[in-house]
Each structure stands twice: as structure tokens, then as C-alpha cells.
Amino acid sequence: MPDMGSFRVVGAVLFVVISTAVVADAKCVQFWAGLCPGNADCMCTTGAACVATEANTSSPEWIAAGAKGCAGSCRKVEHDKCTGSTTCLFDVGPCSGPAPPPPPPPPPHPGPPPPGGEPFGPDVSSYQGDVNWKDVKAARAGFGIVKATEGLSVKDAYFSKNWAGMREAGIAARGAYHFGHPGESATAQADTFTRTVGKVSSGEFYVLDIETATSKARGNLTALADVASWSADFVKAVMSSQGVPPRKVWVYTGAWFWDPNAGGSSALSAHPLWVSGYSAEPPMPKGWDSWTMWQYTDKGSISGVSGASDMSKFHGSQTSLQLLVA
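Residues numbered from 1 in each chain as written. Predicted model: local features only at pLDDT ≥ 70, side-chain atom pairs only at ≥ 80, totals over all residues. Heavy atoms only, no water.

A. Spatial organisation of the overall build of the protein. For the protein, the count of helices and strands is six helices and 16 strands. Burial status across the protein gives 47% buried among its 326 residues. In the protein, the share of contacts with a sequence separation of at least 24, taken over all contacts with a separation of at least 6, comes to 60%. Put simply, the protein shows about 15,200 Å² of open surface, and 56% of that area lies on carbon and sulfur atoms. (Helix = DSSP H or I, 4+ residues; strand = E, 2+ residues; numbered from the N terminus. Buried < 20%, exposed > 50% of the residue type's maximum accessible area, 1.4 Å probe, protein only. Contact = heavy atoms within 4.5 Å. Areas by Shrake-Rupley, 256 points an atom, 1.4 Å probe, with all protein chains shown as cover.)

B. Molecular detail of the nonpolar core. Trp 133, Val 197 and Phe 234 are the most contacted members of the largest nonpolar core, which totals 49 residues. With nine residues, the single largest contributor to this core is helix α4 (residues 224-242). Apart from the residues within four sequence positions on either side, Val 197 is in contact with Ala 148, Phe 159, Trp 163, Ala 176 and Tyr 206. Listed in part, the 13 residues of the second largest apolar core include Phe 143, Ala 173, Trp 274 and Met 293. (Core = buried A, V, L, I, M, F, W, Y, C linked by side-chain atoms within 4.5 Å.)

C. Representation of the pattern of salt bridges within the structure. Counted under the stated rule, the structure contains seven salt bridges. Measuring nitrogen to oxygen at the nearest pair gives 2.6 Å for the salt bridge that ties Lys 147 to Glu 150. Looking at Glu 150, the relative accessible area reads 13%, which means it is buried. Beyond isolated ion pairs, a larger network of salt bridges with shared partners links Arg 167, Arg 174 and Glu 204. (Salt bridge = Lys/Arg side-chain N within 4 Å of Asp/Glu carboxyl O.)

D. Structural context of the packing of aromatic side chains. Per the counting criterion, the structure on display carries 10 aromatic pairs. Taken together, the aromatic side chains of Phe 193, Tyr 206, Trp 230 and Phe 234 make up a single cluster linked through ring pairs. (Phe/Tyr/Trp six-rings, centres within 6.5 Å; stacked < 30°, edge-to-face > 60°.)

E. Spotlight on unusual backbone geometry. Even without being a glycine, Arg 140 presents a positive backbone phi close to 80°. A relative accessible area of 55% means that Arg 140 is categorised as exposed.

F. Region of interest: the pairing of strand β12 (residues 204-209). Counting buried positions over the six residues of β12 gives six, a clear majority of the element. By the alternation rule, side chains of β12 split into Glu 204, Tyr 206 and Leu 208 and Phe 205, Val 207 and Asp 209, which are all buried. Relative to β12, strand β11 (residues 173-179) runs parallel, the two sharing six bridges. Bridge assignment links Tyr 177 to a residue of β12, and that residue is Val 207. At this point the chain moves from β11, through helix α3 (residues 186-197), to the parallel β12, and the crossover so formed is right-handed. Across four bridges, β12 lies against strand β13 (residues 249-253) in parallel orientation. Residue pairing in the sheet places Tyr 206 in a bridge with Val 249 of β13. (Pairing = 2+ DSSP bridges. Right-handed = clockwise from strand over helix to strand, strands pointing away.)

Quick look at the structure:
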């Protein structure tokens, strides 16, 4: 049997020092019994001492020849491959039998926690496939936004399912967005959008997503003034046909698009701004004094949505968000 070494008490912590000796019969006592997988196996050769590799720093317990199992953490393993001597230093708790099973893993986090505790939520389209909105709700999302239409005639394949799913799950604030193409009629696109979404109820709102200056059909670029005026015509058509105020028709854009393509126009300043920008602070486009919602990442994660998702946060409390879209 190897020399079991000695026990030393340092403060309130018990350290166990185990030094190996030459094992004549070449039988190696495995001090850790495989509890530091892959890097703490006791190795032995005929006529040589047991030599241990560097130990894992999260070993749940230690086991020495003839000793009881003690709950604790493996702090350090020192070994000399030349002499075959190994010193194992453990920080252990009271010997009370085998260590308890590890605690269950924590539940998945819904993504980067928004600063200040503001409401957060995903925006999705057919790209994300099926969304479990009950799981999104359980992940503490304060809102959800889904794609409804694009251009003159494209309806998102998952819109109806997402829109109904958010309502059924009790997502507190729900938005539907249209991906606009300024090269084609604003009023015709607004009509396609509102016919697809229908009347919004309390807690729901429309969104114009304006991030391209092209026509979906022809791909032609539009002039700076055209992007601003087209966007204004679109939101006016939505408000007129649906009888809703500006606070119920939001605008999604970013400084990276609005400033160079719409000249930083203030034509939509009365509408809540959902700003896009993946930086430490939301980069403000010209034309608005403040932002209402900030899309801060396109690589977020939240229960209920497969893979990466756009994530945003509201600039205020959950109560103020719900009052805004009431």
C-alpha cells in the first residue's frame, strides 16, 4: 500500500497530503477512482511508483486507499515524473460519505440582459420557423414583434401562426411589421399590410421596417427625398385606413440607413422610433430626438425561438410600453 501521508489542519480547512511510494507488486491504487475524468488517472509501471497527471479543479470528492469519501474540491496536484512521487493537495469538507449529486443546470437565459431591467423581446419572421410563444412568455419577454408582409404582395409564411400564438400566450405587447420597398406604391403596400394584419387591439401596434431604398420588383434606387416622402405616405395610409394615432404606427430604421438614404428627414418624428444598432449605445438617426425601442443584437437567444434571434429592449417600463400601445 502507498504511504497515506499525513493530515494537516490549516485554519478551518482540512488539507490531505498523499505521497505515493514505489509499488512493488505494480498494483496502482487509484486515489481519485476516476473522479477527475481524463486527467487524473493513476498510472503505474512494473517496479515504479504511481504517477498522477494534473487534476481537474472541479473534482466532486476524493477517495484514498482505506479512506472514506469526503465532499470537497480538488485544488492542486503536484507530481514528479522523474522520481514517481506525487503530492495531492485537497481542500475537503467534513467526511460524511459520498458527495451529494451536483445541482441541476440553471434554466437558459433569454439572452443579454437589457440594462436597467427594461422590457425585452424578440422579433421573428419565417426565418426562425415555428416559435413556441408560451416559452417566450415564460422567459419573461415583455413583447414580441413578427413580420407580416413585404413589398406589394409577399406575406410571411408564419405570420398568422405567430400573431395568434402571441395572443394566446399572453405576450403583453405585440407588433406586426411590414418590410417596405420605396420603389413601389406606398399606399398599395400599406393596403396589403393592413389587410393581412387586420385591426389591432389594445396592446398591439403596426411597424414600418424601412431599411432599403429599392423596389422589390425592379431593384431601382430612389432619391433621398423619395425615401422620406414614401415612408410618410405609408404611415399616413395605415393611420387613415385603420383609424389609429401615430403612437400605434412605429418606424424601424437605423442611422446607417436613414441618414444617407432619407437625408436624416424628420418627416416621421411623431412616430415611435425602433432603432437598429449593435453597439454599446443605440446610434440615433437624425430626425428623432429619442428612441422608443432598440434592437441591440441579431445574435440573441431566448427560449421558444430556435437559433439566433434579433433582440430588442423598450426604453422605459413594461407599464409605459403597454400604455403607449393601448
